[in-house]
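Summary of structural features
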Amino acid sequence: MNVLKHKFAEQRYPASPTINFDAVTCAFASNEGGGKTYTAIRDVTLTVNDGEFLSIVGPTGCGKSTLLNVAAGLMRPSSGHISIFGKELQGGLNRDASYLFQADALMPWKNAEDNVAAGLIFHGTPKAEALEVARDWLVRVGLDGHGHKYPHQMSGGMRKRAGLAQALALNPRILLMDEPFSALDIQTRQLMENELLQLWAADRKSVMFVTHDLEEAIALSDRVVVLSAGPATRPIAEFDIDLDRPREVADIRMTQRFLQLHAAIWDVLKGEVLKSYARTRS
Ligand SMILES: Nc1ncnc2c1ncn2[C@@H]1O[C@H](COP(=O)(O)OP(=O)(O)OP(=O)(O)O)[C@@H](O)[C@H]1O
Ligand SMILES: [Mg+2]
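Residue positions are counted from 1 within each chain, in the order its sequence is given. Chains and ligands are labelled by the order in which they are written, letters from A for the one and numbers from 1 for the other. Since the coordinates come from a predicted model, pLDDT governs what is reported: local features require at least 70, and pairs of side-chain atoms require 80 or more to be given and counted, while whole-chain, interface and lining totals use all residues. Neither water nor hydrogens contribute to the side-chain values; these are computed over all heavy atoms in the structure.

**What to know about the domain arrangement of the protein chain**
Selection rule: As used throughout, domain bounds are those supplied by an automatic or database domain assignment. Once two parts are joined, some of their accessible surface, as seen by a 1.4 Å probe, is lost; buried area is that loss totalled over both. Salt bridge, as used here: a side-chain nitrogen of Lys or Arg that lies within 4 Å of a carboxyl oxygen of Asp or Glu. For the purposes of these results, a polar contact is taken to be a pair of N or O atoms within 3.5 Å, where, inside protein, one atom must be able to donate a hydrogen and its partner to accept one; residues adjacent in sequence count only when each atom of the pair is a side-chain atom.
For the protein chain, the domain assignment lists domain 1 (4-96 + 174-281) and domain 2 (103-171). Distance from the C-alpha centre of domain 1 to the C-alpha centre of domain 2: 25 Å. Overall, the association of domain 1 and domain 2 removes approximately 980 Å² of surface from exposure, summing both partners, and the carbon and sulfur fraction of that is 73%. When residues of domain 1 are sorted by the area they lose upon contact with domain 2, Met192, Leu199 and Lys205 head the list and together hold 45% of the total. Our count for the contact surface shared by domain 1 and domain 2 stands at one salt bridge. The tally of links between domain 1 and domain 2 comes to three residue pairs in polar contact (both at pLDDT 80 or more).

And the structure:
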């Protein structure tokens with residue numbers, strides 16, 4: 001039985017990249033009207049590999065969320081192709097992925113437990129079983145005993161933990177994360193980053209993580225991709241992060257290698273941030 005299952009898993013997930021952007025371009029109707037378009041990203045070719053923690057950094061407004069939306073299947077490229085485990089999305093949702101948005105996505109009328117269970121119930125898990133899984137995940141993200149609380153009764157950090165439990169309870173093969181911790185204070189943020197790394201290390205999902213914070217990107221990732229300033233954004237550099245794991249994010253920032261990597265990546269990113277700043281002021 002186990003062997004059969006294993007074979008099934010191999011068939012379902014062949015040895016292709018987890019996410020493959022192939023010359024993806026996304027253009028929107030321009031604010032100027034008159035049928036003009038604004039090309040947010042152009043010819044983006046990028047892969048996320050199986051079990052990899054990949055971070056995307058780039059100036060504000062350059063197209064990071066657009067890339068995640070394409071990977072989630074929420075947005076169809078104007079041209080190019082997006083494939084998940086070797087299969088083109090072709091306008092459908094990426095059902096192998098959970099998406100953690102920058103803003104809280106908890107339902108205010110449901111308590112933490114029901115929020116986490118909701119996705120499972122939607123996918124057909126019987127309610128009692130879904131609630132059991134939800135309780136288990138709330139414990140794992142540090143919310144033991146808080147399952148009865150509604151979003152307005154939780155702190156920002158607790159809501160983020162509940163959101164993480166909600167995403168992970170679905171046991172996705174892929175996690176898409178859009179600046180999930182940017183609204184948190186630095187201490188809570190570092191706690192959450194460490195917890196995310198521990199949860200990720202347990203079964204190595206493929207993660208595509210978007211952040212403004214270069215230090216966060218380096219501390220968490222296997223690879224950091226730098227995007228150019230918009231319009232027509234594309235990846236302009238990528239860096240392998242060869243820091244040992246397991247990592248403690250506050251400590252790793254003090255190491256010599258971290259500082260070297262930071263200097264090298266910032267050298268590229270800084271130019272794009274300055275270009276972006278100049279364009280928004282002109
Ligand atoms: N639906 C849309 N219609 C028109 N323009 C859009 C749309 N979505 C995004 N854009 C534009 O595309 C560009 C990229 O947007 P996106 O949200 O991907 O940037 P971002 O890098 O995530 O920004 P931030 O760092 O501020 O979150 C921006 O200029 C934005 O105004
Ligand atoms: Mg964004």
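Now, onward.
**Side note on the packing of aromatic side chains**
Cut-off, in case you're wondering: The aromatic pairing rule takes the rings of Phe, Tyr and Trp, using the six-membered ring of Trp, and pairs them if the centres are within 6.5 Å, calling planes under 30 degrees apart stacked, those over 60 edge-to-face and the rest tilted. The secondary structure listing takes helices from DSSP runs of H or I that are at least 4 residues long and strands from runs of E that are at least 2 residues long, numbered from the N terminus. Only protein chains enter the accessibility calculation, which uses a 1.4 Å probe. A residue is then buried if its area is under 20% of the maximum for its type, exposed if over 50%, and partly exposed in between. Charge-over-ring contacts are defined here by two conditions on Lys NZ or Arg CZ: a distance within 6 Å of the ring centre and an angle within 35 degrees of the ring normal.
Evaluation of the coordinates by the stated rule reveals four aromatic pairs. Summarising the aromatic geometry, the rings of Phe53 and Phe209 are spaced 5.7 Å apart at their centres and angled 45° between planes, so their arrangement reads as tilted. A residue pair is termed long-range when its members are at least 10 positions apart, and Phe53 in strand β3 (residues 53-57) and Phe209 in strand β8 (residues 206-210) qualify at 156 residues. In this structure, Phe53 and Phe209 share a single accessibility class: buried. Judged by centre distance (4.2 Å) and plane angle (20°), the ring pair of Tyr99 and Phe101 falls under stacked. Judged by its relative accessible area of 15%, Tyr99 is buried. For Phe101, a relative accessible area of 36% puts it in the partly exposed group. A network of ring pairs unites the aromatic residues Phe53, Phe181, Trp200 and Phe209 as a single cluster. Directly above the aromatic system of Trp137 lies the positively charged group of Arg140, at a separation of 3.9 Å from the ring centroid.

**Brief notes about the sheet that holds strand β4 (residues 79-84)**
The condition is simple: Pairing between two strands requires that DSSP report at least two bridges joining them. By definition, residues are in contact when any of their heavy atoms lie within 4.5 Å. The convention used is that axes are lines fitted to C-alpha atoms, helices contributing only their stretch in contact, and that angles between N-to-C directions extend from 0 to 180 degrees.
Within the open sheet, the four strands sit side by side as β2-β1-β4-β5. Their pairing is antiparallel. Strands at the two margins of the open sheet, each flanked by one partner only, are β2 (37-48) and β5 (87-88). As paired elements, strand β1 (residues 19-29) and β2 share eight bridges and run antiparallel to each other. The partner of Val24 across the bridge, within β2, is Val44. Across the face of the sheet, helix α2 (residues 64-72) comes into contact with β1, β2 and β4 while running at roughly 120° to β1.

**Digging into the environment of Ala165**
Structurally, Ala165 is set in helix α5 (residues 156-169). Overall, Ala165 belongs to the buried group, its relative accessible area being 0%. If we ignore the near neighbours within four places in the chain, the residues touching Ala165 are Val116, Trp137, Leu138 and Val141.

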